[in-house]
Amino acid sequence: MATEKNPYDQIPTDNVIQIKAEDPMSANVSYQVDPETGEVEVDFQAEGSEIEVEIEIESEFYENLVDKLDEDTLEEIGHTVIDKFEADKDSRAEWESMFERGFDLLGLKLEDTTEPFEGAATAVHPLLIESAVKFQSKASQELFPSKGPVKAQVLGDATVEKQQQANRVQNFMNYQVTTQMPEYFDEFERMLFHLPLIGSSIKKIYYDSSLGRPVSEFVPIDQFYVSYYASDLRRADRYTHVIYRSPVDIARCMEAGMYADIELPNAGIPELSGMASKMDNVLGLSPAGDNDPQYVLLEQHCYLELPEDKMHEGKTACPYIVTIEQSSGSVLSIRRNWNEGDERYEKKMHFTHYRYVPGFGFYGLGLIHFLGNLTMSATAAMRSLLDAGQFANLPGGFKAKGVRIVGDNDPIAPGEFKEVEATGVDLSKAIVPLPFKEPSGTLFNMLSFVTGAGQKFADSTEQVISDSGGYGPVGTTMALLEASSKFFTAIHKRLHKAQGDEFKILARVDYEYLPNEYPYKLPGCLEKIFKKDFNGDVDIIPISDPNIPSNAQRMMLIQMVQQIAAQSPPDMFDMEEINRMLLTTANVPNVDKIMPLKKEAMPQDPLSDIKDANKGTPIKAFKGQNHDAHMQVKGSYIQDPMNQQTNPAFAKVAGALQANISEHAMLKYEEQIEGLAMQAMQDPQAAAMLSQMPDPVAAMQAQAAQQIMQAGMAMAQQKQAGTPEAQMVQLEAQRLGVEQGKVQAQMANKQVDAALKQRDLDLKEQKIILDAQKAGASDALKDAQKEEDRNNKRVLKAMDLIGDLMKAQENNELEESKVVANLLMNFIKEGKNT
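Along each chain, numbering runs from 1 in the same order as the chain's sequence is written. The predicted nature of this model means local features are confined to residues of pLDDT at least 70 and side-chain atom pairs, given and counted, to a pLDDT of 80 or more, with totals for whole chains, interfaces and linings taken over all residues. Heavy atoms throughout the structure, all of them, feed into the side-chain values; hydrogens and water do not.

**Describing the overall build of the chain**
And step 1. Each helix and strand counted, the chain has 24 helices and 20 strands in total.
And step 2. Exposure is judged per residue with a 1.4 Å probe applied to protein chains only, and the accessible area is read against the type maximum: over 50% gives exposed, under 20% gives buried, and values in between give partly exposed. A burial count over the chain gives 36% of its 834 residues as buried.
And step 3. It only takes one pair of heavy atoms within 4.5 Å for two residues to be counted as in contact. Look at the contacts in the chain between residues 6 or more apart in sequence, and 69% of them connect residues 24 or more apart.
And step 4. A 1.4 Å probe and the Shrake-Rupley method give the accessible areas. Residues count as covered only by the protein chains that appear here. Entry remark: accessible area of the chain is about 50,200 Å², with carbon and sulfur atoms responsible for 54%. For the purposes of this entry, the term helix denotes a DSSP run of H or I that reaches at least four residues, the term strand denotes a run of E that reaches at least two, and both are numbered from the N terminus.

Laid out in structure tokens, this is it:
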């Protein structure tokens, strides 16, 4: 049965300070009391004077408020709690009766029957119990791995300190649920058995002051009642946990201060719920009479208006936890259920609701809802087939009154003949067997159909895996697996969410009750956890994967990755990590010993990188290294023919080194960009100009890249100029330049001569015109006109001469280009031959 312990430390009872005086009326004494802190300042002006002062000190926040309330208020609270509990219980009476019928379909009870005849089949088809046990096994494996179910991740910036904090929280909470809280796994598996059958299960996390640690407890649904209109625990107005406690346990709790020390009636045999009684009947259990009396306590989480509570501060209703004894209605404890200093008075959660499939209200739907009718049909069909087979093997019938078998009427064994007293009677007519038929093939097919439908609804993944060899490619099998496991995948996600809520409650309890520093022992080491580690910077989640709920799917995914990696270029996939995932998924022990983890790459010299590459150790380029030296040394190693001949694994080593060279080149380029960008930012004018652009960073990087490209081109030209071939090409170009200069000089001289001749012609023309004007003779003008025509012809001829000179210059340039091209081709041919 579920039990409850005090989630709070014992409250001190010495709440009074006393100062005595022999004669208070005559003593010359003055004192002051601070109402907030309770400090008392007393001034004795006369020796021997004492005064008695009683000052009530404000108690702890989580104290039991029963002592602060009058009897009428406590009686009213007790009756209210009982009335609301009875109302919640009545609201789901029909819901509980359905499970009472469903428990008969589990087939957990061995029984005989005389209906419809003695010896009739009583077997129950295992569809329901088989589905529940399979679900429990799968969910337990996924949600509670051997190394622990808790995972911690950093919220916000993942600094080194926060990552260390997350590691401490994860290690400690896994230590808690696997070692410190030994009941956690057992209670968790009990919950996983109830959950698929009923559809709802409740887990409770609280601090047990007697054990000095948190406790995890499974609460059966027949001991947990919620108000009718509640949709979830957080928004429920109330919910009640029914607790069974022995008189000895009650006395210890009162002595420890958990419950108020009041007189209770004698304990008796509690009246169990219909679900509990039915389950006891199925399992063959019953109470131990008067030898094991129990008190029934109702722990109700509800909202109350308590003006007497100073912390209430006039609020309409605040969350409290009220515990009463049911038979007498006596209130044992009333405690505040919000965090101290919380101005919103938000209710603290101690319970987690696990649901199989969300239903139409608070409670979930389970396999009894989904498969109950199918199980009844399958059971009826199976019993009919068994009874028909029994009648076919041992048929009955009628016999004549005068016919008597010697001896008794025991069935005839195979190969046995019995004597019959039937003188003068035809025995074939005296004994008439009834026409019993063999078991019906149609009924058997119907049973197979009903069973297959139920199993397919519960889980069809096993059938897909068993037939995976006939589905072809891995992708087809993966698609079938995904389609067949959607039902369980959705349930697994709900369990993942609920388990995360439960871990958050456990983390809150750790934050409230852990000391500032708590050491604990792990195999081979001593660890520490700090109270501040649970300050909210680390998120607590289950380690299970809500998207992949089975190892079978993980195996198929890894096999698909292996196929893709085998068809991809080398070094695109980390084959070591893929193989590690495969071994881990297959639950191979000591994977770290079989495949030791690779060491993290460290900055080192080029030769050490080459050695590590040959060993298969990963190498990496780092900022600040001499990238040119690394590229030169590793490039020379790759180009050396001796290495290619002597190293069988040279191709793989060369691939790793080539990738490292590319990484060094990229880092070098990145460092150059960053350096030039920093120089540009130091120039005020350049920085101001860049700041006005829409994307200053991109513009700055583009400018730096242009400078790097220009510097690289200049360097390439300088290197090219230093070679003998480049020097010969340069000399030939200089010779051609000289020849071109001579041709241009000749053309310039011809142009000057033509200009001078043109000038002489102009002067002569002007002289002729003057002479003609002076003479006034028309013949002279005619002669002058003819002379002008002749001069124009000469000018045209001079222009033709200039055109010929320009063509000659173009021909010289073509000849120069041909010479350069021929030289380059000769150099290229010589380089190929060498």
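**Overview of the sheet that holds strand E9 (residues 239-245)**
And step 1. With respect to topology, 5 strands assemble into an open sheet ordered E8-E9-E10-E11-E12, the strand pairing being antiparallel. Across the chains shown, the open sheet's two edge strands, defined by having one partner strand only, are strand E8 (224-226) and strand E12 (330-336). Between one strand axis and the next, the sheet turns through 20° on average, direction left out of account.
And step 2. Where strand E11 (residues 318-325) lies against E12, 6 bridges are found, and the strand directions are antiparallel. By the bridge assignment, Val322 is partnered in E12 with Ile334.
And step 3. Helix axes use the C-alpha atoms of the stretch in contact, all axes being lines fitted to C-alpha atoms, and the angles between their N-to-C directions lie in the range 0 to 180 degrees. The sheet strands contacting helix H1 (residues 71-91) are E8, E9, strand E10 (295-304), E11 and E12, and the helix crosses E10 at an angle near 95°.
And step 4. Along the sheet face, helix H6 (residues 247-256) touches E9, E10 and E12 and points at about 110° away from the line of E9. Pairing between strands is defined by DSSP: at least two bridges between the two strands are required.

**Observations concerning the nonpolar core**
And step 1. Met173 and Ile540 are the most contacted members of the largest nonpolar core, which totals 70 residues.
And step 2. Per element, the largest residue contribution to this core is 9 residues, and it comes from helix H13 (residues 486-513).
And step 3. Apart from the residues lying within four places of it in its own chain, the contact partners of Met173 are Val150, Phe503, Leu506, Ala507, Asp510, Phe534 and Ile540. For this analysis, a nonpolar core means a set of buried residues of the types Ala, Val, Leu, Ile, Met, Phe, Trp, Tyr and Cys, connected via side-chain atoms within 4.5 Å.

**Notes on the packing of helix H8 (residues 367-393) against helix H10 (residues 441-458)**
And step 1. Packing of H8 against H10 brings their axes to within 9 Å, and their N-to-C directions diverge by 155°. If you check the angle between H8 and H10, you find them roughly antiparallel. Crossing angle aside, the handedness with which H8 passes H10 is left-handed. Residue-level contacts link Phe370, Leu371, Leu374, Ala378, Ala381, Met382, Ser384 and Leu385 of H8 to Leu443, Phe444, Leu447, Val450, Gly454, Phe457 and Ala458 of H10.
And step 2. Amino acids outside the nonpolar list (Ala, Val, Leu, Ile, Met, Phe, Trp, Tyr, Cys, Pro) and the charged list (Asp, Glu, Lys, Arg) are all regarded as polar, and Gly is one of them. For the contact of H8 with H10, the per-class residue count stands at 13 nonpolar, 2 polar and no charged. Each angle receives one of four descriptions, namely roughly parallel if under 35 degrees, roughly antiparallel if over 145, roughly perpendicular if within 65 to 115, and oblique otherwise. Put simply, a crossing is left-handed when the front helix is turned counterclockwise from the back one by less than a right angle, and right-handed when it is turned clockwise.

**Comments concerning the side chain of Lys634**
And step 1. Considering the arrangement of structural elements, one finds Lys634 in helix H18 (residues 627-639).
And step 2. The class of Lys634 is buried, set by a relative accessible area of 0%.
And step 3. Throughout this description, a polar contact denotes any pair of N or O atoms lying within 3.5 Å of each other; where both atoms belong to protein, one of them has to be capable of donating a hydrogen while the other can accept it, and for residues adjacent in sequence the pair is counted only when both atoms sit in side chains. Side-chain polar atoms of Lys634 contact the side chain of Asp609, separated by 2.9 Å.
And step 4. At 3.0 Å, the side chain of Lys634 and the side chain of His630 are in polar contact.

**Re the pairing of E12**
And step 1. Burial analysis of E12 places 7 of its 7 residues in the buried class, the great majority of the element.
And step 2. Two successive antiparallel strands, E11 and E12, enclose a turn made up of 4 residues, where Gly329 displays a positive phi of approximately 75°.

**Digging into the environment of Glu663**
And step 1. Position of Glu663 relative to the elements: it lies in helix H20 (residues 650-682).
And step 2. Put simply, Glu663 and Met631 are 32 residues apart on the chain and 9.6 Å apart in space, counted from C-alpha to C-alpha.
And step 3. Among residues more than four places away in sequence, those in contact with Glu663 are Lys620 and Ala621.

**Focus: the pairing of strand E18 (residues 517-522)**
Where a strand is regular, its side chains alternate between the two sheet faces.
And step 1. When E18 meets strand E19 (residues 525-530), the two strands line up antiparallel, connected through 6 bridges. Counted as the bridge partner of Pro519 is Lys528 from E19.
And step 2. In sequence, E18 turns back onto E19 through a hairpin of 2 residues, with Gly524 there showing a positive phi of about 85°.

**Here's the deal with the layout of surface pockets**
And step 1. Cavities and pockets were defined on a 1 Å grid built over protein atoms only: a cavity is a set of grid points that admits a 1.4 Å probe from which the probe cannot escape, a pocket is an open set flanked by protein on both sides within 12 Å along at least five of seven lines, and lining residues are those with an atom within 4 Å of any such point. Grid points are joined across faces, edges and corners, and a volume is the space filled by probe spheres set on the points. Reported here for the largest pocket is a volume of approximately 1,100 Å³.
And step 2. Lining the largest pocket we find 32 residues, and of these Pro145, Lys147, Ile543, Thr584 and Asn587 sit closest to its centre.

**Observations concerning a negative patch on the surface**
And step 1. A patch consists of residues whose relative accessible area exceeds 30% and which take part in no salt bridge; residues with like charges are grouped when within 9 Å of each other, and nonpolar side chains (Val, Leu, Ile, Met, Phe, Trp, Tyr) when within 5 Å. Here, a salt bridge means any Lys or Arg side-chain nitrogen found within 4 Å of an Asp or Glu carboxyl oxygen. Note on charges: Lys and Arg go in the positive column, Asp and Glu in the negative column, and His and the chain ends are not counted at all. Note that the charge is assigned to NZ on lysines, CZ on arginines, CG on aspartates and CD on glutamates. A surface patch of negative charge is lined by Asp70, Glu71, Asp72, Glu75, Glu76 and Glu308.
And step 2. Secondary-structure assignment places Glu76 in helix H1.

**Observations concerning helix H5 (residues 183-198)**
And step 1. Take the number of residues in a helix, subtract one, and multiply by 1.5 Å to get its expected span. The end-to-end C-alpha distance of H5, which contains 16 residues, comes to 22 Å, matching closely the 22 Å that a straight helix rising 1.5 Å per residue would cover.
And step 2. If you check which residues of H5 are buried, you get Glu183, Tyr184, Glu187, Phe188, Met191, Leu192, Leu195, Pro196, Leu197 and Ile198.

**A word on a nonpolar patch on the surface**
And step 1. Side chains of Ile564, Met572, Phe573 and Met575 sit close together on the surface and give an oily, nonpolar patch of about 350 Å² of accessible area.
And step 2. Along the chain, Ile564 turns up in helix H14 (residues 551-566).
And step 3. A relative accessible area of 41% places Ile564 in the partly exposed class.

**Things to note about unusual backbone geometry**
And step 1. Positive phi, close to 55°, is recorded for Tyr345, a residue that is not glycine.
And step 2. Its place among the elements puts Tyr345 in the loop between E12 and strand E13 (351-355).
And step 3. Assessed through its relative accessible area of 11%, Tyr345 is described here as buried.

**Observations regarding the pattern of salt bridges**
And step 1. The full count for this structure, using the stated rule, is 23 salt bridges.
And step 2. For Glu187, the salt bridge is made with Arg190, and the minimal N-O distance between the two is 3.4 Å. Note that Glu187 and Arg190 are positioned in helix H5 at a spacing of 3 residues, about one turn of the helix.
And step 3. Among the salt bridges present, the one from Glu346 reaches Arg344, with a minimum N-O distance of 3.5 Å.
And step 4. Residue classification places Arg344 among the exposed positions, given a relative accessible area of 67%.

**Side note on the sheet that holds strand E7 (residues 213-219)**
And step 1. One open sheet holds the 3 strands; their spatial order is E7-E6-E13, and the pairing between them is antiparallel. Edge strands, defined here as strands with exactly one partner in the open sheet, are E7 and E13. Strand-to-strand, the axes of this sheet are offset by a mean angle of 20°, without reference to chain direction.
And step 2. Most of the contacts of H13 go to E13, to which it runs at about 170°, and overall it touches strand E6 (200-208), E7 and E13.

**A short note on the packing of aromatic side chains**
And step 1. Each aromatic pair joins two rings of Phe, Tyr and Trp (for Trp, the six-membered one) with centres within 6.5 Å, and gets the label stacked for planes under 30 degrees apart, edge-to-face for over 60, and tilted for any other angle. A full pass over the atoms with the stated rule returns 25 aromatic pairs.
And step 2. Between Phe172 and Phe534, the aromatic rings sit 6.4 Å apart at their centres with planes inclined by 70°, giving edge-to-face as the arrangement. Separated by 362 residues along the polypeptide, Phe172 in helix H4 (residues 160-180) and Phe534 in the loop between E19 and strand E20 (538-542) bring together distant segments of the chain. Each member of the pair, Phe172 as well as Phe534, is classed as buried.
And step 3. Pairing Tyr637 with Phe650 gives two aromatic rings, centres 6.2 Å apart and planes at 40°, and the pair type is tilted. With Tyr637 in helix H18 and Phe650 in helix H20, this pair connects stretches of sequence that are 13 residues apart.
And step 4. The class for Tyr637 is buried, based on a relative accessible area of 19%.
And step 5. Judged by its relative accessible area of 10%, Phe650 falls in the buried class.
And step 6. Positioned above the aromatic ring of Tyr206, the side-chain terminus of Lys204 is 5.2 Å from the ring centre.
And step 7. In our convention, an over-ring charge means Lys NZ or Arg CZ found within 6 Å of a ring centre and within 35 degrees of that ring's normal. Over the face of the ring belonging to Phe530 we find Lys532, whose NZ or CZ atom lies 5.9 Å from the ring centre.

**Notes on the packing of helix H3 (residues 127-143) against H8**
And step 1. Close contact between H3 and H8 brings their axes to 9 Å; oriented N to C, the two are set at 145°. Here Leu127, Leu128, Ser131 and Ala132 of H3 come into contact with H8, specifically with Leu367, Ile368, Leu371, Leu374 and Thr375.
And step 2. Each residue belonging to the contact of H3 with H8 can be placed in one class, and the counts come to 7 nonpolar, 2 polar and no charged.

**Observations regarding the confidence of the model for the chain**
And step 1. Each residue gets a pLDDT score, which is the predictor's confidence in that residue and runs from 0 to 100. Counting all residues, the mean pLDDT for the chain is 77, and 71% of those residues have values of 70 or more.
And step 2. When the criterion is pLDDT under 50, residues 46-58 qualifies, and its contacts beyond four places in sequence or with other chains add up to 38 contacts.

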